[in-house]
Amino acid sequence: MTRFLPRTAPPIRAGGLVAATALLLAAAPPTVASAAPTAAAPVVVLGGPAETALHPYAEGGDGPKRSTARITVTGADDTAYEGEFTVTFDLTGAAGIADVAFEPEAGIECAATAPGSATCTGHGISPGRSTVTDLLLTAAKGSEQGDTGTIRVTGEAEGTAFTPFTTEVTVGGPDLVMHRLPFDHEPVPGQKQQAPITFTNRGSRAADGVVLTLRHSRGLDIPQRYSNCAYTTDEAWTTARCTVEGAFEAGATYTLAAPLTLKTTDRAYRDIFGYGIHEAGAGAGTVRGATAARAARGPAGGSDDVLRAVPAPRPMAARALDLEPGDNEHEADFRTENTADFVAYGDTASGRAGATVTARLGFRNDGPAWIGHLRSGESVAAVDFTVPQGATVTSAPEGCRGVSAEGTALPTEWTGPAPRYVCPTPATVRDDGGLDLAFGLRIDKVLLGAVGRVVVRGPELRAAGLPFDPEPGNNTARVVLNGESGGPSPAPSDGPGDDASGTPGSATPTPTPGGAGTGAGGTVAPGAVQNTATGNGGSLAATGSPTAMAASGLAVTALTAGLVLFTAARRRRRAGGL
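Reading guide: rules and limits
Residues numbered from 1 in each chain as written. Predicted model: local features only at pLDDT ≥ 70, side-chain atom pairs only at ≥ 80, totals over all residues. Heavy atoms only, no water. Helix = DSSP H or I, 4+ residues; strand = E, 2+ residues; numbered from the N terminus. Contact = heavy atoms within 4.5 Å. Areas by Shrake-Rupley, 256 points an atom, 1.4 Å probe, with all protein chains shown as cover. Salt bridge = Lys/Arg side-chain N within 4 Å of Asp/Glu carboxyl O. Buried < 20%, exposed > 50% of the residue type's maximum accessible area, 1.4 Å probe, protein only. Disulfide = S-S within 2.5 Å. Core = buried A, V, L, I, M, F, W, Y, C linked by side-chain atoms within 4.5 Å. Polar contact = N/O pair within 3.5 Å; in protein donor to acceptor, adjacent residues only side chain to side chain. Pairing = 2+ DSSP bridges. Axes fitted to C-alpha atoms, helices over the stretch in contact; angles between N-to-C directions. 1 Å grid on protein atoms, 1.4 Å probe; cavity = no way out; pocket = protein on both sides within 12 Å on 5 of 7 lines; lining within 4 Å. Points joined across faces, edges and corners; volume = space filled by probe spheres on them. Nonpolar A, V, L, I, M, F, W, Y, C, P; charged D, E, K, R; others polar. Phe/Tyr/Trp six-rings, centres within 6.5 Å; stacked < 30°, edge-to-face > 60°. Lys NZ or Arg CZ within 6 Å of the ring centre and 35° of its normal.

A. Here's a closer look at the overall build of the protein chain. Secondary structure assignment for the protein chain yields 3 helices and 37 strands. Summarising the internal contacts of the protein chain: among those between residues at least 6 apart in sequence, 81% fall at separations of at least 24. With the model as given, the accessible surface of the protein chain reaches about 28,000 Å², and the carbon-plus-sulfur share is 54%.

What follows is the structure, encoded as structure tokens:
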């Protein structure tokens, strides 16, 4: 089978021998793809854009502009298909409207099999979504603006059922282009900048209403609120989707009646502002039409102001698709000189040998800035916990990985608990957030003042610093087991095992024979009760078992008996001396 690429083969014209192809397709026996998926067969889902707009056909020059529709296949989440598969394209529904060429993914070959039909074949379907081919679409010669057709996609593979897919192509449409705004990209906290949102329709048809999408990260704010905008906020982002009614003519440029204000807040550090424009009812992620936007107004108590743009003089009855959706949006990155104080905290706990306690540790961000790696998605920091001597980790938070005492990776064959754990943060840490962790620690041997070290540092040991943190002195704390005072121990002093790189060390504990709360010979008393850490540095006393309480009672009885014998002997001595 020859590889069918747009550079080496002519496009497949949907109009060739349409009637004959339709008859052949109708007479062909049904394939596995046309059958409804069975419960036993793994199901593979074909997908792509529901609609694609085509630039009107133009003679001369470089020829008609291409639009792209990516066709994907989504395999089962937990199963990979290892055999050969075939994806078939029925182009007869777009006859005379669209010419189609193929740009397949590596390892996949596409070719024409009949007029108005093509197939792509490949081997193996991985779990999740992957690309089969990009359809390179151009308006056919003789097509007219507003013409619409369909391309049907089916699939076939032995022992596997495919869910078919249909995409629609339309000639002509608006082309909304957002103008880039000239921001100061290194603002200071409190700075306000004007954002006169401006866009142009460079398409072949008017846009019937637009949706303006504004998205900014936590360190920025738009103080204005509008009744025709829907607002959502999550951990890192605030998004406003505003429906602006009217007809926006091809070739015309529009701007907001009043510019927006973009404010850099006191918590800004590394932030992003995104702004995009789509026709109402078109474009992924937008509010689907004016009705939907009216049903999701701004927050209660918000402004009654309406965000407006200059309307076109006449309405358009039909909606259309954007010809070049790639130029509808822009993003601006901001770098603000600011700081965030990451403060580590530890815990204290007490217990006899064999008891298990919970130590709560981590850090908080005292601000003023929030920290987010929005572009890379990498962790902001890591909590590095060295386990106290005489203790073993029985449970660690999800996402924490065990490392050697030096902080290096453990051998692949290592299966037991580790002497040290590294817990990465998410890609964002709010100015009022942090990372709270709970470790289960079994006290194998009671050592008075056994100290574990907690360090909040950079995500990589070789780059342990936090460049935004002005107070590195509070980046360390301690977890103390069976401390003499039982009070909080926020940070350890430099001692054995500490070095300038911030590598966690351990204080030398004092062993106690038999251990606190143990029976004769240091055996573990039965019925041990698990301790619970307070998480605020408070002391954690171990809860005694019935055996331990009985032992305490025997000790009191023995002490009382000794006092009685001592008093009687003293009286006898006095009597002998008289």
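B. The pattern of salt bridges, seen in detail. Following the criterion strictly, the structure yields 11 salt bridges and no others. Taking the shortest distance from any N to any O, the salt bridge between Glu460 and Arg462 comes out at 3.8 Å. Among the residues examined, Glu460 registers a relative accessible area of 39% and is labelled partly exposed. When salt bridges with common partners are traced through the structure, they connect Glu235, Arg430 and Asp432 into a single cluster.

C. Representation of the state of the cysteines. Tallied over the full model, the rule gives 3 disulfides. The disulfide that involves Cys110 links it to Cys120, with 1.9 Å between the sulfurs. Here Cys110 and Cys120 share a disulfide; its torsion about the S-S bond, 110 degrees, makes the bridge right-handed. A residue pair is termed long-range when its members are at least 10 positions apart, and Cys110 in strand 7 (residues 109-114) and Cys120 in strand 8 (residues 117-125) qualify at 10 residues. Its relative accessible area of 0% is what places Cys120 among the buried residues. Across a sulfur-sulfur distance of 2.0 Å, Cys400 and Cys423 are joined as a disulfide pair. Across the S-S bond linking Cys400 and Cys423, the dihedral sits near 115 degrees, which makes this disulfide right-handed.

D. Broad picture of the nonpolar core. Ranked by size, the top nonpolar core spans 39 residues in total, and within it Phe342, Phe439 and Leu441 carry the most contacts. For this core, the elements supplying multiple residues, two or more each, are strand 24 (340-345), strand 26 (356-368), strand 28 (382-386), strand 29 (391-395), strand 31 (420-424), strand 33 (434-443), strand 35 (450-457) and strand 36 (476-481). In contact with Phe439, not counting residues within four places along its chain, are Val357, Thr358, Ala359, Leu361, Phe385, Val393, Ser395, Ala396, Pro397, Cys400, Tyr421 and Cys423. Listed in part, the 32 residues of the second largest apolar core include Leu91, Ile97, Cys120 and Val153.

E. A look at the environment of Thr200. Position of Thr200 relative to the elements: it lies in strand 15 (residues 198-201). Classification of Thr200 as buried rests on a relative accessible area of 8%. Through-space distance from the C-alpha of Thr200 to that of Met178 is 6.7 Å; in sequence the pair is 22 residues apart. When residues no more than four places from it in sequence are discounted, the contact partners of Thr200 are Asp175, Leu176, Val177, His179, Ala252 and Thr253. Looking at Thr200, its side chain comes within polar contact range of the side chain of His179, at 2.8 Å. A polar side-chain atom of Thr200 sits 2.7 Å from a polar atom in the side chain of Thr253.

F. Spotlight on the sheet that holds strand 26. Strands sit in the order 24-26-33-29 across an open sheet of 4 strands; the sheet is antiparallel. Of all the strands in the sheet, just strand 24 and strand 29 have a single pairing partner and so form its edges. Each adjacent strand pair in this sheet contributes to an overall mean axis angle of 30 degrees, direction not counted. Two strands pair when backbone bridges link them, and strand 24 and strand 26 are joined in this way by 5 bridges, in the antiparallel orientation. By the bridge assignment, Val343 is partnered in strand 26 with Arg364.

G. View of the sheet that holds strand 12 (residues 165-171). Spatially, the 6 strands line up as an open sheet ordered 3-12-10-5-8-7, and their pairing is mixed. The sheet terminates laterally at strand 3 (51-54) and strand 7, the two strands that pair on one side only. Sheet twist, expressed as the average angle between the axes of neighbouring strands with direction ignored, equals 25 degrees. Note that strand 5 (residues 81-90) and strand 8 share 8 bridges and pair antiparallel. Bridged to Phe89 within strand 8 is Ala118.

H. Region of interest: the side chain of Ser404. Counting through the fold element by element, Ser404 comes out in the loop between strand 30 (401-403) and strand 31. Dropping the residues within four chain positions of it, Ser404 is found in contact with Leu410, Pro419 and Arg420.

I. Expanded view of empty space enclosed by the protein. Enumeration according to the criterion identifies 2 cavities of 30 Å³ or more in this entry. Here the largest cavity is characterised by a volume of approximately 80 Å³. As for the largest cavity, its lining consists of Leu214, His216, Ile222, Gln224, Arg225, Tyr226, Tyr231, Thr238, Thr239, Ala240, Cys242 and Leu260. Contributing elements (two or more residues each) for the lining of the largest cavity: strand 16 (207-217) and strand 19 (237-248). Among the elements that make up the lining of the largest cavity, the one with the highest residue count is strand 19 (4 residues). In terms of residue class, the lining of the largest cavity is built from 7 nonpolar, 4 polar and 1 charged. Roughly 30 Å³ of internal volume is contained in the second largest cavity. Taken together, Ile197, Phe199, Val210, Leu212, Val244, Leu256, Ile277 and Ala309 form the lining of the second largest cavity. Here the residues of the lining of the second largest cavity sort into 8 nonpolar, no polar and no charged.

J. Spotlight on the packing of aromatic side chains. According to the stated counting rule, one finds 13 aromatic pairs in the structure shown. Measuring from ring centre to ring centre gives 5.8 Å for Phe183 and Phe273, while their planes differ by 80 degrees; the resulting arrangement is edge-to-face. Here the residue Phe183 occupies a position in the loop between strand 13 (176-178) and strand 14 (192-195), and Phe273 occupies one in strand 22 (residues 270-279), the gap between them amounting to 90 residues. In this pair, the class of Phe183 matches that of Phe273, namely buried. Among the aromatic residues, those joined into a cluster by ring pairs are Phe183, Phe273, Tyr275 and Phe334. Here the basic side chain of Arg270 rests over the ring of Tyr269, its NZ or CZ set 4.1 Å away from the ring centre.

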